[in-house]
Amino acid sequence: MRLSFERAYPYVFGVAAGAAWMYYKVPFAADAKELLAAALSMASILTGFLATAKAILISVNDSSVIRDLQRSGHHSVLIGYLSESIIWLFAFSIWNLVGFFMVRGDFYCVAWVTLGTLSAFSFVRVVYALMLVLKHVAPSSPGNGAPVR
Amino acid sequence: MRIHLYRIIPGRNSPPLGELLMGMRGDGLAQRMRTVAGQDIRVEDIHRSRDGHWYVDLLRLRWDHGPGKARRTTPVEGFELDEDETFAEETSALYDEATGYMAVEYNHFGVRVGTMESYFDAYRDGASYTFEMTFDRDVQRRLERKRVFRSLTFAVAPQKVGPDDFRANVSVAEAIEMGRRAGANVVTVSLSMGLGSRGHLDFNMVRNTITTLIRAARGNDEDVTKLEVRAKDNPDAPSEVLDLLEPRLAIDIDDLPVGRDRRVSRRNRYEALLRAFRGWSGLIERGRVA
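Because the structure is predicted, anything quoted here is derived from the model rather than measured.

Across its full length, chain A carries 5 helices and 0 strands. Across chain A, the fraction of contacts at a sequence separation of at least 24, relative to all contacts at a separation of at least 6, is 79%. For chain A, the accessible area works out to roughly 8100 Å², and carbon and sulfur atoms hold 71% of it.

Here it is in structure tokens:
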């Protein structure tokens, strides 16, 4: 996968999903409030999970894979993915909350689908990268660069 | 305490490091904080002595797993810290403006030289400084006299992904996978003529390889972990083994007292840096530092 595509695909899929929803005039769920409540819960949980993921990333800061990513410039991009995902999931949570109070017309529905798809793919993107980092991180062994002061 | 010597080379449009340090001295603690590669770094203490040396103490705030406390007879336990409090690791340095050399304390958990470079680069827009490792020229001179190479051994931890990959539009996920697929952490290569053989390795090949690897090592690249050659001045001379990384200028000072807080005081660390730098001053003046 190219970096430019990796950076763009959550937005591409989000906009595409919203455009498709609008084009095919798909009706919103019949029991919208249950859906909004469930989506709000899930987005909130995932946002909290990403905050934990940030702590995990900090804990492996001294690993060789993170040093390589810092050297290459990919590390700041990974941090950017984490931030974007938190922002879009939070925005999706707020949009679900708004849905309880406003009339859910076409605009609301298309925006809901766009935000939901964008949030989901941004989450998948960052979690996939983090899982790869965790698979890569190996425990340090004694005698191999023992700390010196 | 291990201390290394570096030559500081400012980038093309960068002010002299002394000028940057002068400006830094006027800033408060909070103003000196920078985030470098995800780490919170700041200059904790900075001052210039009467003999023209800059003393700098850098700090890394350590938000990852920290130390605990224990006795010989009790289990380890953590520290009670406030929400915005954490452990801090110090790395001190002595910079001599006149020669452009800097003696730097090595602290495995503190501010490494690569991070220090990035911190100074980030401090002022457009500034760039290279910390070049230094070597004793004596080994270099002995190498220059060698005409017959019998063996060459080197070990490299290959950089699995680098800036070239970023420019080549390699995604983050693929960059991580490249590191995993690379396999061995260290690649060791040994070329030799073998016992009983009277031949020798190709002179140009060996010299070019050595030049490339020494350049990589001097660029503060931790990837070259061994570089050794067995060679002779002429075919009838005895063989000599030269460790081309060993003459990297470093001093271990082990007699530093530890206080009740289990830390070596800043004053003692500065004094150790001064001792080390004075020991190297003669080499610097005689041009024996490469």
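A separate point is the packing of helix α2 (residues 32–59) of chain A against helix α5 (residues 106–136) of chain A. Residue and element names in this part refer to chain A. Taken N-terminus to C-terminus, the directions of α2 and α5 make an angle of 30 degrees; their axes are 11 Å apart at the nearest point. Taken together, the axis directions place α2 and α5 in an arrangement best described as roughly parallel. For the pair α2 and α5, the sense of crossing is left-handed. From α2, Leu35, Leu36, Ala39, Leu46, Phe49, Leu50, Ala53, Ile56 and Leu57 reach across to α5, where they touch Tyr108, Trp112, Phe123, Val126, Val127, Leu130 and Leu134. For the contact of α2 with α5, the residue count by class is 16 nonpolar, no polar and no charged.

Residues other than glycine seldom take positive phi values, yet lysine 25 of chain A does so here, at roughly 50 degrees. Turning to its location among the elements, lysine 25 of chain A is positioned in the loop between α1 (3–24) and α2. Located in the positive-phi region is arginine 262 of chain B, a residue other than glycine, with phi close to 65 degrees. For arginine 262 of chain B, a relative accessible area of 66% corresponds to the exposed category.

Right, let's get into the sheet that holds strand β11 (residues 240–243) of chain B. Residues and elements named next belong to chain B. Strand order in the open sheet formed by 4 strands is β9-β8-β10-β11, and the pairing between neighbours is antiparallel. Strand pairing shows two members of the sheet lacking a second neighbour, β9 (187–192) and β11, which therefore form its edges. Direction aside, the axes of adjacent strands within the sheet are offset by 10 degrees on average.

Right, let's get into the packing of helix α3 (residues 64–72) of chain A against helix α4 (residues 74–99) of chain A. All names here are of chain A. Between α3 and α4, the least distance of the axes is 5 Å, while the angle of their chain directions is 100 degrees. The orientation of α3 with respect to α4, classified from their angle, is roughly perpendicular. Note on element contacts: α4 touches α3 through His74, His75 and Leu78, opposite Ile66, Leu69, Gln70 and Ser72. Here the residues of the contact of α3 with α4 are counted per class, giving 3 nonpolar, 4 polar and no charged.

A few words on the nonpolar core. Counting residues in each nonpolar core, the largest one holds 45 residues, and the members touching the most others are Phe120 and Val229 of chain B. Leu69, Trp95, Leu115 and Val133 of chain A belong to the second-largest nonpolar core, a separate cluster that totals 39 residues.

Looking now at the interface of chain A and chain B. Interface size is often expressed as the accessible area that is lost when the parts come together. At the junction of the two partners, chain A supplies 33 residues and chain B supplies 37 residues. Seen at the junction of chain A and chain B, the total is 5 residue pairs in polar contact (both at pLDDT 80 or more). Those elements that provide at least two residues to the side of chain A that touches chain B are α1, α2, α3, α4 and α5 of chain A. Here the side of chain A that touches chain B takes 7 residues from α3 of chain A, the largest share from any one element. Classifying every residue of the side of chain A that touches chain B gives 14 nonpolar, 11 polar and 8 charged.

So, about the packing of aromatic side chains. All names here are of chain B. Under the counting rule described, the total for this entry stands at 17 aromatic pairs over all chains. Seen in terms of ring centroids, tyrosine 55 and tyrosine 270 are 5.0 Å apart; in terms of plane orientation they differ by 55 degrees. Their pairing is tilted. In this pair, tyrosine 55 sits in strand β4 (residues 53–62) while tyrosine 270 sits in helix α7 (residues 266–285), placing the two residues 215 residues apart along the sequence. The pair formed by tyrosine 55 and tyrosine 270 is uniform in burial state, with each residue classed as buried. Ring geometry for tyrosine 119 against tyrosine 123: centres 5.7 Å apart, planes inclined by 50 degrees, an arrangement best described as tilted. One end of the pair, tyrosine 119, and the other, tyrosine 123, are both in helix α2 (residues 113–123), 4 residues apart, so they sit about a helical turn from each other. What makes tyrosine 123 buried here is its relative accessible area of 11%. Among the aromatic side chains, those forming a connected cluster through ring pairs are Tyr6, Tyr119, Phe120, Tyr123 and Phe131.

What follows concerns the confidence of the model for chain B. Summing up the model confidence of chain B, the mean pLDDT is 83 and the portion of residues at 70 or higher is 89%. For this predicted complex, the interface confidence reaches an ipTM of 0.77, while the overall pTM sits at 0.53.

Looking now at the environment of arginine 42 of chain B. Residue and element names in this part refer to chain B. As for its placement among the helices and strands, arginine 42 is situated in strand β3 (residues 39–48). A relative accessible area of 17% means that arginine 42 is categorised as buried. Here arginine 42 is in contact with Leu29, Arg32, Met33, Asp57, Leu58, Leu59 and Tyr119, once residues within four sequence places are set aside. Side chain to side chain, arginine 42 and glutamate 44 meet in a polar contact 2.6 Å long.

Let's shift gears to the environment of leucine 40 of chain A. All names here are of chain A. Here leucine 40 shows up in helix α2. Spatially, the C-alpha atoms of leucine 40 and serine 93 are 4.9 Å apart, while their sequence positions differ by 53 residues. In contact with leucine 40, other than residues within four places in its own chain, are Ser93, Asn96, Leu97 and Phe100.

This brings us to a nonpolar patch on the surface. On the surface, Met1, Phe5, Val12 and Phe13 of chain A cluster together into a nonpolar patch covering about 370 Å² of accessible area. Position of methionine 1 of chain A relative to the elements: it lies in the segment before α1.

Next up on the list: the confidence of the model for chain A. Any segment with low pLDDT has predicted coordinates that should not be analysed in fine detail. Averaged over every residue, the pLDDT of chain A is 84; residues scoring 70 or more account for 91%. Between the elements of chain A, mean pLDDT differs from a low of 77, seen in α3 of chain A, to a high of 92, seen in α1 of chain A.

Our next topic: the pairing of strand β1 (residues 2–10) of chain B. Residues and elements named next belong to chain B. Two elements, β1 and strand β6 (residues 101–106), share 6 bridges in a ladder whose sense is antiparallel. Bridging from a neighbouring strand, leucine 5 pairs with alanine 103 of β6. Relative to strand β7 (residues 129–133), β1 runs antiparallel, the two sharing 5 bridges. Within β7, the residue paired with isoleucine 9 across the bridge is threonine 130.

Conventions used here
Residues numbered from 1 in each chain as written. Chains lettered and ligands numbered in written order. Predicted model: local features only at pLDDT ≥ 70, side-chain atom pairs only at ≥ 80, totals over all residues. Heavy atoms only, no water. Helix = DSSP H or I, 4+ residues; strand = E, 2+ residues; numbered from the N terminus. Contact = heavy atoms within 4.5 Å. Areas by Shrake-Rupley, 256 points an atom, 1.4 Å probe, with all protein chains shown as cover. Axes fitted to C-alpha atoms, helices over the stretch in contact; angles between N-to-C directions. Parallel < 35°, antiparallel > 145°, perpendicular 65-115°, else oblique. Left-handed = near helix turned anticlockwise from the far one by under 90°. Nonpolar A, V, L, I, M, F, W, Y, C, P; charged D, E, K, R; others polar. Buried < 20%, exposed > 50% of the residue type's maximum accessible area, 1.4 Å probe, protein only. Pairing = 2+ DSSP bridges. Core = buried A, V, L, I, M, F, W, Y, C linked by side-chain atoms within 4.5 Å. Polar contact = N/O pair within 3.5 Å; in protein donor to acceptor, adjacent residues only side chain to side chain. Phe/Tyr/Trp six-rings, centres within 6.5 Å; stacked < 30°, edge-to-face > 60°. pLDDT = per-residue confidence, 0-100. Patch = residues over 30% accessible without salt bridge, like charges linked within 9 Å, V, L, I, M, F, W, Y side chains within 5 Å. Salt bridge = Lys/Arg side-chain N within 4 Å of Asp/Glu carboxyl O.

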